[in-house]
Amino acid sequence: MSGGRAVFSAQCRICGTALEGPLSLVFRAAGIKRSPRNPNLCNRCGTHVEEGRMVELTVLFADLSSFTELTHDLGAEKTHRVVDAFLRMASDVLAKHGAFIDKYVGDAVMALFNVPLRQDDHARQAVEAASEIRSRLVGLSQSFDLQLQSTAAVASGWARVGRLGSEDSKDYTAIGDVVNIAARLQGKANPGEILISHEAYEGILKNFPNLPAEQLTLKGFREPVIAHRLHPSAAVPETDDTPKSASSQAISLGGVIFGILGAPCAVTTLIGPLAVALGVGTLFGLSGVLAFLDKGPIRIPVLILATLGALANLYTLRRAREIRSRLTGAARWDGMTKLERRRFYVVLSSALITIAVVLFEVVVHRFQH
């Protein structure tokens, strides 16, 4: 297994936003950067793609073995350094294999595969990631002069993905039996082992055609669950799926506008609604603050800004549609969720109203003068 640091995509693999190079500074100034939970995406595309849907995915749980004993023997301070190093290493490996890091719980990490980036081989990627975490613990063991081992479990199935408790992206997670199975299997794994549900095993069958099946009784499940045990001596043949750098691809001015003002989730922007408010204010004189715009020299720049803002909003919607239509097969987004449709119509109506107000302003002032 490779022990080098993961090489991430130079552009967001969904919307094409530059994540490296001089142009990325423009996006960073607008608050757009790599998603901490999947560095191959920008933070705007990190969670919305599968919002509120039932999705087929693979769940991975991995943690350090004998954590309680480790804390007792090393003390809180050194244990913290060991766990921090383990989770950083695990996060690096998971990101390399296209995982979305769901959460950290103590010394454990939970990751999702096949969301938000679709992967035809998500079960294999999860098993490869678990195997690489296990192998890279050798280096950590040497660094801390300890005998560190991990336990891991991989399960595939269907779950509902979305936010729980808030609209914050950090609360994005998956709910379903597959999550519970992965968590319970991880508790049944011995140090160094990877337990794989039968559904996930079908994705790596050609690599390990003869792994025996065993029935495990898991807490909370009435029926036994079939799983396959991957022992420490069995190494998973890793494939080179490192994302190809996109830094050489041309990024148009429209792409920059799209990246700053919008993303495929049809985000709301500030320019459109602000332009509508200014336009309506100048048209009907709703406040003394805006009344001077009708006669003042700032009126023309405001109308130009309103028009440009509306056109930029319309472009973000058009670009989002192009991205959706370009993704086919396993990577296709099947329609929009209610939240995405609501945002889409908010931006669309805002842009159209803005253009209508600007045109009305131009016509009215032309006939008045």
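Residues numbered from 1 in each chain as written. Predicted model: local features only at pLDDT ≥ 70, side-chain atom pairs only at ≥ 80, totals over all residues. Heavy atoms only, no water.

**Here we look at helix α3 (residues 122–144)**
Inference 1: Here α3 spans 32 Å end to end across 23 residues, near enough to the 33 Å set by a 1.5 Å rise per residue.
Inference 2: Val-138 marks where α3 bends most, by close to 25 degrees.
Inference 3: With 18 of 23 residues buried, α3 is to be regarded as a mostly interior element.
Inference 4: Of the residues trailing α3, Asp-145 is marked for its positive phi of about 55 degrees. (Helix = DSSP H or I, 4+ residues; strand = E, 2+ residues; numbered from the N terminus. Expected span 1.5 Å × (residues − 1). Bend = angle between axes of the 7 residues up to and from the residue. Buried < 20%, exposed > 50% of the residue type's maximum accessible area, 1.4 Å probe, protein only.)

**Section: unusual backbone geometry**
Leaving glycine aside, a negative phi is the common case for residues, and trans is the common case for peptide bonds.
Inference 1: Despite not being glycine, Asn-114 has its phi angle at roughly 85 degrees, a positive value.
Inference 2: If you trace the backbone, Asn-114 turns up in the loop between β5 (108–113) and α3.
Inference 3: Overall, the relative accessible area of 7% leaves Asn-114 in the buried class.

**Focus: the side chain of Asp-102**
Inference 1: Note that Asp-102 resides in strand β4 (residues 100–105).
Inference 2: Engagement of the side chain of Asp-102 in a polar contact is seen with the side chain of Lys-103, the distance being 2.5 Å. (Polar contact = N/O pair within 3.5 Å; in protein donor to acceptor, adjacent residues only side chain to side chain.)

**Digging into the pairing of β5**
Inference 1: With respect to burial, β5 is a largely interior element, six of its six residues being buried.
Inference 2: Pairing between strand β3 (residues 53–64) and β5: six bridges, direction antiparallel. Each bridged residue has a counterpart across the sheet, and for Leu-60 the counterpart in β5 is Ala-111.
Inference 3: As defined by bridge partners, β4 adjoins β5 across five bridges and the pair is classed as antiparallel. The residue of β5 that forms the bridge with Lys-103 is Met-110.
Inference 4: Hairpin connection, β4 to β5: the antiparallel pair is bridged by two residues, and Gly-106 has positive phi, about 60 degrees. (Pairing = 2+ DSSP bridges.)

**A word on helix α2 (residues 67–96)**
Inference 1: Taking 1.5 Å of rise per residue, 30 residues should cover 44 Å, yet α2 covers just 26 Å from first to last C-alpha, more than 12% shy of that figure.
Inference 2: When the local axis directions of α2 are compared, the greatest deviation, roughly 120 degrees, occurs at Gly-75.
Inference 3: At the C-terminal side of α2, Gly-98 shows a positive phi close to 80 degrees.

**Considerations on the pattern of salt bridges**
Inference 1: Overall, the coordinates contain 10 salt bridges when judged by the stated rule.
Inference 2: Here Lys-96 makes a salt bridge to Glu-132, at a shortest N to O gap of 3.3 Å. Taken together, the positions of Lys-96 in helix α2 and Glu-132 in helix α3 put the pair 36 residues apart, joining distant regions of the chain.
Inference 3: Residue Lys-96 is classed as buried on the basis of its relative accessible area of 17%.
Inference 4: When salt bridges with common partners are traced through the structure, they connect Asp-92, Lys-96, Glu-132 and Arg-136 into a single cluster. (Salt bridge = Lys/Arg side-chain N within 4 Å of Asp/Glu carboxyl O.)

**Comments concerning the nonpolar core**
Inference 1: Counting 38 residues, the largest nonpolar core has Leu-60 and Leu-94 as the members making the most contacts within it.
Inference 2: Contributing elements (two or more residues each) for this core: β3, α2, β5, α3, β6 (150–163), β8 (194–197) and α5 (198–201).
Inference 3: Counting residues per element, this core draws most heavily on α2, at 10 residues.
Inference 4: Discounting residues that sit within four places of it in the chain, Leu-60 has contacts with Leu-94, Val-109, Met-110, Ala-111, Phe-113, Ala-126, Ala-129, Ala-130, Ala-153 and Val-154. (Core = buried A, V, L, I, M, F, W, Y, C linked by side-chain atoms within 4.5 Å. Contact = heavy atoms within 4.5 Å.)

**A short note on the environment of Ser-197**
Inference 1: Here Ser-197 shows up in strand β8.
Inference 2: Ser-197 gets classed as buried once you look at its relative accessible area, which sits at 1%.
Inference 3: Counting along the chain gives 40 residues from Ser-197 to Gly-157, while the straight-line C-alpha distance between them is 9.4 Å.
Inference 4: Once residues within four sequence positions are removed from consideration, Ser-197 is found in contact with Val-154, Ala-155, Ser-156, Leu-185, Ile-226, Ala-227 and His-228.

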